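# Observations on chain architecture
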Amino acid sequence: MLRCVAMMMIIVHHYCVNSGISELLDFTNNTINTIIIQFMAFGGKVGVNIFFMISGYFMITGKMNVKKVVLFLLQIFTYNLVIRLSLWYFGGYTFPTKDWLGIIPIIFGVPASFIASYLFIYLLTPLINRGLTALSKRDFNYMLGVLLFYFTIEQTFMMQNTWHYLGWAFVMYSIGAYIRRFEIASLNMPWRLLAIASVLLVWGLIIFVDINHYRFHWSYFIFDANKLTMLLCAICIFMAFLTLEVRSSRVINTLASTCFGVLLIHANCDAMRQWLWQDTLDVPGQIDNPWLLVHMLGWCLTIFIICAFIELCRKHIIEKPLYNIVETIFKPLQSLARQII
């Protein structure tokens, strides 16, 4: 369930910041829509943090699977190729040579993005896990303390640009692993109240900056994912869901399995963002729409459902027939990787 919630937060974030509507905000005449856009924009960074924490929480006791890496690369290649060709042929969008070469993942471009960072963290999990499991709780605390001082304290309070996608991905992965190793969920903490409080804190800081016209941009406390506010939100929401007693649902589990596909589709490239948010949904044109929140949540949910359906079709049509072939070809490589690592 948390994966679905995190992905919805990311889609809403993209609605606010990738559509161009946030650039139309007039802070000399704040309206309800101005506040709505500001309030809803923070979720993407929290969602990214949550995904890396989920990876750390489950992968700290797991093993890297070469077959999964191959299928993941195939998934990226498929969407890169189909979406670019579709936008070029049917939509008349143009792509520079670099974007066409970028269809092939890893070889012609490794963007500083969530997907690339997730992939490389996954490739490094055998080594990362070996190191993290060897640490005592005291050493683990020391490591996280140093990393969080550099990435979070320096950027939040000292205005230093310490953001690095892969480095921060490792930090959040380590926090997820820490929660699993030392059973933080067993602590008697009001995580749901803390999650609500962390969100209210972010909203309160946004209003504070708006009212007092500080030299900070309104988004200072929500960009980037390593800001203290985003870190606290992610941890509290993660723990709130971790301690939530919910029955397993086949529908939710199926939707959760499509989340990376949802991201790869709706945020595939700049042309896709323009087609989706500007040319199709006309999000900038909603700046004065009294039903902006309904438009936002309704279309973001629709995008999630449509992209999830497309991803399920891809799995059934493309991935499923190739599953046994990939397993046969790369099984020796899997054994070799385990021997080396």
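Quick summary incoming for the structure in this document. (Residues numbered from 1 in each chain as written. Predicted model: local features only at pLDDT ≥ 70, side-chain atom pairs only at ≥ 80, totals over all residues. Heavy atoms only, no water.)

Each helix and strand in the protein chain was counted, giving 14 helices and zero strands. Written out in order from the N terminus, the α and β elements of the protein chain read α-α-α-α-α-α-α-α-α-α-α-α-α-α. If one aligns the C-alpha atoms of the protein chain with their principal axes, the spans along those axes are about 65 × 55 × 40 Å. Expressed as a percentage of its 341 residues, the buried residues of the protein chain come to 47%. Counting contacts in the protein chain only where the partners sit at least 6 residues apart, residues at least 24 apart contribute 82% of the total. Of the roughly 17,700 Å² of accessible surface on the protein chain, 66% is carried by carbon and sulfur atoms. Placing the 23 positive and 16 negative side-chain charges of the protein chain at their respective mean positions leaves the two points 15 Å apart. (Helix = DSSP H or I, 4+ residues; strand = E, 2+ residues; numbered from the N terminus. Buried < 20%, exposed > 50% of the residue type's maximum accessible area, 1.4 Å probe, protein only. Contact = heavy atoms within 4.5 Å. Areas by Shrake-Rupley, 256 points an atom, 1.4 Å probe, with all protein chains shown as cover. Lys, Arg positive; Asp, Glu negative; His and termini not counted. Charge placed at Lys NZ, Arg CZ, Asp CG, Glu CD.)

Its 24 residues give helix α4 (residues 66-89) an end-to-end C-alpha distance of 34 Å, which sits within 8% of 34 Å, the value for a rise of 1.5 Å per residue. Two to three positions downstream of the cap, the backbone nitrogen of K67 sits 2.9 Å from a side-chain oxygen, assigning the N-cap of α4 to N65. (Expected span 1.5 Å × (residues − 1). Polar contact = N/O pair within 3.5 Å; in protein donor to acceptor, adjacent residues only side chain to side chain.)

Note on placement: S19 falls in the loop between α1 (2-17) and α2 (32-40). Exposure remark for S19: the relative accessible area of 1% places this residue in the buried category. Here Y15 takes part through its backbone oxygen, which lies 2.5 Å from a polar atom of the side chain of S19. Other than its neighbours up to four places away in sequence, S19 contacts H14, W277, Q278, V283 and P284.

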